[in-house]
Amino acid sequence: MKVIFIGPPGSGKGTQAKRLASRFGIPHVSTGDMLREAVAEGTPLGLKADAIMKSGALVPDDVMIGMIRERLAKPDAKKGFILDGFPRTLVQAEKLDALVSGNGSDPLRVLRLLVPDESIVKRIALRRTCAQCGAIYHLENQPPAVDGVCDRCGGKLIARTDDTEGAVRKRLEAFHRQTTPVADYYKSKKWLKEIDGIGPVDQVFERIAKSLS
Ligand code: AP5
């Protein structure tokens, strides 16, 4: 199973991709998480990506394509993967096709999460992420049992540095300008399914599972 999640920032890609990966036993590949790890480790890529991410702009295509090529070549991705945050531009989509297509390979299944911009702002403002394991919370919709502490690993919950109002506005603009054409590209290939991303997390997950069955 090769699944791609497309959706605006805060639409629930990470939340749903983690669940789906655990249901199917295939890796959740989040380019945002990979970049944040590089930033935390202070690698040359992390140093370059940090300022770009904080501004809400996209990291250059060649960097992202190299990162995904390396990740999908790992043994755990051979039986499938859930991509979250990639591809985000037409160039990335075309490179991904070339990378994963081939005789007998599973077709890409593309899920577009539909969430209006006005809901995004509220979701992102109250999001908290575990600094240790990456688990995602929302102070109203999915609060942790103990304030500021991850239920799963006890790690500290933090707000992301790109969740500022200015960066979120820019991320939304980047989504509409650069990633909507990617959804249209997959729609023209008839690989795209649109999922209503509004409602409780469990309900959205059931819609996703049904669309893949
Ligand atoms: P990335 O990390 O991919 O961020 P994003 O696309 O902006 O998406 P988010 O992680 O903000 O949101 P999400 O859709 O995963 O929502 P979540 O599940 O957390 O990318 C960050 C940056 O990295 C980019 O801006 C760019 O600079 C760079 N980058 C990454 N990939 C790149 C690429 N391919 N090319 C170039 N640059 C790249 O949910 C959000 C909140 O809502 C949470 O609090 C959650 O609990 C809550 N929530 C979830 N579902 C629901 C629901 N159904 N109802 C109510 N609340 C919900």
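Before any of the text, the structure's been laid out above.
Described in the following lines is the structure provided in the data block. (Residues numbered from 1 in each chain as written. Predicted model: local features only at pLDDT ≥ 70, side-chain atom pairs only at ≥ 80, totals over all residues. Heavy atoms only, no water.)

### What to know about helix H1 (residues 13-24)
Right, on to step 1. Between the first and last C-alpha of H1 there are 16 Å, a value that for twelve residues agrees with the 16 Å anticipated at 1.5 Å per step.
Right, on to step 2. Those residues of H1 lying buried are Lys 13, Gly 14, Thr 15, Gln 16, Ala 17, Leu 20 and Ala 21.
Right, on to step 3. Phi turns positive, to about 65 degrees, at Gly 25, one or two residues after H1. (Helix = DSSP H or I, 4+ residues; strand = E, 2+ residues; numbered from the N terminus. Expected span 1.5 Å × (residues − 1). Buried < 20%, exposed > 50% of the residue type's maximum accessible area, 1.4 Å probe, protein only.)

### A look at the site of the ligand
Right, on to step 1. Thr 15, Ala 57, Arg 88, Arg 127 and Arg 171 are the nearest of the 35 residues found near the ligand.
Right, on to step 2. A distance of 2.8 Å separates an oxygen atom of the ligand from a polar side-chain atom of Arg 160.
Right, on to step 3. Alone, the ligand offers 1000 Å² of accessible surface; in the complex the protein occludes 97% of this.
Right, on to step 4. Broken down by secondary-structure element, the contributors of at least two residues to the shell around the ligand are H1, helix H2 (31-41), strand E6 (136-138) and helix H8 (201-212). (Near = heavy atom within 4 Å. Polar contact = N/O pair within 3.5 Å; in protein donor to acceptor, adjacent residues only side chain to side chain. Areas by Shrake-Rupley, 256 points an atom, 1.4 Å probe, with all protein chains shown as cover.)

### Quick notes on the nonpolar core
Right, on to step 1. Among the nonpolar cores identified, the biggest contains 28 residues, and Ile 4, Ile 6, Leu 72, Leu 83, Leu 96 and Tyr 186 are the most heavily contacted of them.
Right, on to step 2. Counting residues per element, this core draws most heavily on helix H4 (residues 61-72), at six residues.
Right, on to step 3. When residues no more than four places from it in sequence are discounted, the contact partners of Leu 96 are Ile 4, Ile 68, Leu 72, Leu 83, Phe 86, Pro 87, Leu 108 and Tyr 186.
Right, on to step 4. Grouped together as the second largest cluster of nonpolar side chains are 14 residues, Phe 5, Ala 17, Phe 205 and Leu 212 included. (Core = buried A, V, L, I, M, F, W, Y, C linked by side-chain atoms within 4.5 Å. Contact = heavy atoms within 4.5 Å.)

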